[in-house]
Amino acid sequence: MNKNKIFGVLGAVVMMMSHSACSSKKSMTNEANVPEYEVLELPMVNVKSFKKNSAGAHVIFDGTSLEGWRGYAKDHVPSKWTIDNGTLHFNPKPDGVQNPEGGDIIFAADLKNFEFEFEWKVAKSGNSGAFFLAKEVKGQPIYISSPEYQLLDNENHPDAKMGVDGNRKSGSLYDMIPAKPQNGFPFEQWNRAKIVVNKGKVTHYQNDEKVVEYALWTPEWTQMLQASKFSEAKWPLAFHLLNNVGGKSKSGVVGFQDHGDKVWMRNITVKVL
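Bear in mind that the values here come from a model prediction, so they are computed numbers and not experimental data.

Describing the overall build of the protein chain
- Helix and strand counts for the protein chain come out as 3 helices and 13 strands.
- Counting the 273 residues in the protein chain, one finds 47% classified as buried.
- Of the contacts made within the protein chain by residues no fewer than 6 positions apart, 66% connect residues no fewer than 24 positions apart.
- If you sum the accessible surface of the protein chain, you get close to 13,700 Å²; carbon and sulfur atoms cover 52% of it.

Rendered as structure tokens:
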């Protein structure tokens, strides 16, 4: 075989190997325009090891311990999150802490079908969010892979006037479905929240009223994403992850957002369905 033929064969082999490698990368997402990403596999706890209350829900924050909690994509609780008078409190400037660390916080248990309940309040002009079925994606925020139950001071935070039809007000599916009725209480007053996730059906409750309902993994879910800030055109990776929320296992963690504003939570429970 002459040199030209040898190089021709080698070139073909290299091209085949290169094509195979590209196909392998694309198969990670099944969408050609989605950037590569890595889902972290960090230590988890078993929610069933936490005591139950009289309603049969596991108490995952009892006001005295942060057992089971850690920062999103971290192995510890960031210093801006503390226990304050029996509440889980985010303070952007905690007293006596030099160079305080922020970031979202999660309860590190893999959950699939459940009721997630808590009470919350924000300071004036405060903004935060509750998340569920989230995956810990390296270098990305929690909301890239999780629907968001909005926590907001509706009267004073500018986000309340953005979006469509009030879909960024408290209790809403952020930027997709407005909470109706909008029954959120003013800043520094306690609100009650419940998120029910059961076989793809999700229901938001705010102050004991059902305010939002939707179904994941449906054509309607995809359409809502396409009409939001998480559309395929605006944010390909978020669209991919949210369109397949919960990944192959259809499960994930719950957590709360560091939006830079003071927020308090208490009486946090999870009831496994």
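Concerning the sheet that holds strand 2 (residues 69–71)
- Taking strand neighbours across the sheet as the criterion, the 5 strands line up as 2-5-12-7-8 in an open arrangement whose pairing is antiparallel. Strand pairing shows two members of the sheet lacking a second neighbour, strand 2 and strand 8 (148–152), which therefore form its edges. Each strand axis lies, on average, 25° off the axis of its neighbour in the sheet, ignoring direction.
- Pairing of strand 7 (residues 127–134) with strand 12 (residues 252–256), which is carried by 3 bridges, proceeds in the antiparallel orientation. From the neighbouring strand, Ala130 faces strand 12, where its bridge partner is Phe256.

Overview of the environment of Gly86
- Along the chain, Gly86 turns up in the loop between strand 3 (81–84) and strand 4 (87–90).
- A relative accessible area of 32% places Gly86 in the partly exposed class.
- Measuring from C-alpha to C-alpha, the distance between Gly86 and Thr64 comes to 6.2 Å, with 22 residues separating the pair along the chain.

So, the environment of Phe107
- By the element assignment, Phe107 lies in strand 5 (residues 105–111).
- Residues Phe107 and Phe256 lie 149 residues apart in sequence; the distance between their C-alpha atoms is 9.0 Å.
- In contact with Phe107, other than residues within four places in its own chain, are Val45, Val47, Phe50, Ile60, Glu67, Gly68, Trp69, Val253 and Val254.

Considering empty space enclosed by the protein
- Per the stated rule, a full pass over the model turns up 1 cavity of 30 Å³ or more.
- In this structure, the largest cavity is lined by Tyr143, Ser146, Pro147, Glu148, Tyr174, Met176, Phe230 and Leu242.
- Looking at the lining of the largest cavity residue by residue, the classes come out as 6 nonpolar, 1 polar and 1 charged.

Some thoughts on the packing of aromatic side chains
- Per the stated rule, a full pass over the model turns up 11 aromatic pairs.
- Among the aromatic residues, those joined into a cluster by ring pairs are Phe50, Trp69, Phe107, Phe116, Phe118, Tyr149 and Phe256.
- Taking NZ or CZ as reference, Lys194 lies 4.7 Å from the ring centre of Tyr205, over its face.
- The lysine or arginine in question, Lys250, covers the ring of Trp217, its NZ or CZ lying 4.9 Å from the ring centre.

Considerations on the nonpolar core
- Formed by 60 residues in total, the largest nonpolar core has its most connected members in Phe116, Phe118, Phe256 and Ile268.
- Of all the elements, strand 5 adds the most residues to this core, at 6 residues.

The rules behind each value
Residues numbered from 1 in each chain as written. Predicted model: local features only at pLDDT ≥ 70, side-chain atom pairs only at ≥ 80, totals over all residues. Heavy atoms only, no water. Helix = DSSP H or I, 4+ residues; strand = E, 2+ residues; numbered from the N terminus. Buried < 20%, exposed > 50% of the residue type's maximum accessible area, 1.4 Å probe, protein only. Contact = heavy atoms within 4.5 Å. Areas by Shrake-Rupley, 256 points an atom, 1.4 Å probe, with all protein chains shown as cover. Pairing = 2+ DSSP bridges. Axes fitted to C-alpha atoms, helices over the stretch in contact; angles between N-to-C directions. 1 Å grid on protein atoms, 1.4 Å probe; cavity = no way out; pocket = protein on both sides within 12 Å on 5 of 7 lines; lining within 4 Å. Points joined across faces, edges and corners; volume = space filled by probe spheres on them. Nonpolar A, V, L, I, M, F, W, Y, C, P; charged D, E, K, R; others polar. Phe/Tyr/Trp six-rings, centres within 6.5 Å; stacked < 30°, edge-to-face > 60°. Lys NZ or Arg CZ within 6 Å of the ring centre and 35° of its normal. Core = buried A, V, L, I, M, F, W, Y, C linked by side-chain atoms within 4.5 Å.

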